[in-house]
Amino acid sequence: MPIFEYKCNKCGHTMEFLEKSSTHRKHICEQCKSPDLQKLLSTFAAGNSSSSTSQSNDSCPTGTCPMS
Ligand SMILES: [Zn+2]
């Protein structure tokens, strides 16, 4: 069962939720109860990163990467 990590946009608290593929529940922050959560990349979905600042030393080796 996949575990998804969420970060609260209100208080910055990070938490993990177990998610079944069939259910699509709305999660809330377990600290401030805010529904404004941002889904973080799980370890299962690593490799297709859209963040450009977190891994600066792992950029395109050829320098022709369109993401840069
Ligand atoms: Zn919160």
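Positions within a chain are numbered from 1, following the residues in the order the chain's sequence is written. Predicted model: local features are reported for residues with pLDDT of at least 70 only, side-chain atom pairs are reported and counted for 80 or more only, and whole-chain, interface and lining totals are derived from all residues. Hydrogen atoms and water are omitted, and side-chain values are computed over all heavy atoms in the structure.

### With respect to the coordination of the zinc ion
Each protein donor to the zinc ion is listed here as Cys8 (SG), Cys11 (SG), Cys29 (SG) and Cys32 (SG); together their distances run 2.3 Å. Bound by 4 donor atoms, the zinc ion shows angles of 105 to 115° at the metal and therefore tetrahedral coordination geometry. Coordination of the zinc ion draws on donor residues from a single chain, spaced C-x2-C-x17-C-x2-C in sequence. Note that Cys11 is positioned in the loop between β1 (3–8) and β2 (14–18) and Cys29 in the loop between β2 and β3 (37–39), a separation of 18 residues in sequence. For each residue, the accessible area found with a 1.4 Å probe, counting protein chains only, is set against the maximum for its type, and the residue is called buried under 20%, exposed over 50%, and partly exposed in between. When its relative accessible area of 0% is taken as the criterion, Cys29 is described as buried. Think of the donor list as every N, O and S atom within 2.8 Å of the metal, or within 3.2 Å for Na, K and Ca; water never makes the list, so a site can look incomplete. For four-coordinate sites, all angles between 85 and 135 degrees define a tetrahedron; for four- and six-coordinate sites, opposite donors beyond 155 degrees with the remaining angles between 65 and 115 define square planar and octahedral shapes respectively, and all other cases count as irregular. The helix and strand labels rest on DSSP assignments: H or I over at least four residues marks a helix, E over at least two residues marks a strand, and numbering proceeds from the N terminus.

### Concerning a nonpolar patch on the surface
Exposure above 30% relative accessible area and no salt bridge define the residues that can form patches, which grow by joining like charges within 9 Å and nonpolar side chains of Val, Leu, Ile, Met, Phe, Trp and Tyr within 5 Å. For every accessible area listed, the method is Shrake-Rupley and the probe measures 1.4 Å; residues are considered covered only by the protein chains on display. For this document, the term salt bridge refers to a Lys or Arg side-chain nitrogen within 4 Å of an Asp or Glu carboxyl oxygen. Together, Met1, Ile3 and Leu18 make up a nonpolar patch on the protein surface, roughly 320 Å² of accessible area in all. Tracing the chain through its elements places Ile3 in strand β1. The exposure class assigned to Ile3 is partly exposed, which follows from its relative accessible area of 35%.

### With respect to the confidence of the model for the protein
A score from 0 to 100, pLDDT tells how confident the predictor is in each residue. The predicted model of the protein averages 77 in pLDDT, with 65% of residues at 70 or higher. β3 holds the highest mean pLDDT among the elements of the protein, 93, whereas β2 holds the lowest, 90. Throughout residues 51–55 the model reports pLDDT below 50, and contacts reaching past four residues in sequence, or to other chains, amount to 0 contacts. Any two residues whose heavy atoms approach within 4.5 Å are treated as being in contact.

### Notes on unusual backbone geometry
Despite not being glycine, Lys33 has its phi angle at roughly 65°, a positive value. By the element assignment, Lys33 lies in the loop between β2 and β3.

### A few points about the packing of aromatic side chains
To pair, rings of Phe, Tyr and Trp, with the six-membered ring standing in for Trp, must have centres within 6.5 Å; the planes then decide the type, stacked if under 30 degrees apart, edge-to-face if over 60, and tilted in the middle. Tallied over the full model, the rule gives 1 aromatic pair. A centroid spacing of 5.6 Å and a plane angle of 65° characterise the contact between Tyr6 and Phe17, whose relative ring orientation is edge-to-face. One end of the pair, Tyr6, is in strand β1; the other, Phe17, is in strand β2, with 11 residues separating them in the sequence. Grouping residues by exposure puts Tyr6 and Phe17 together as buried. The criterion is that NZ of a Lys, or CZ of an Arg, lies within 6 Å of the ring centre and within 35 degrees of the ring normal, and then a charge sits over that ring. We note Lys39 situated over the ring of Phe4; from NZ or CZ to the ring centre the distance is 3.9 Å.

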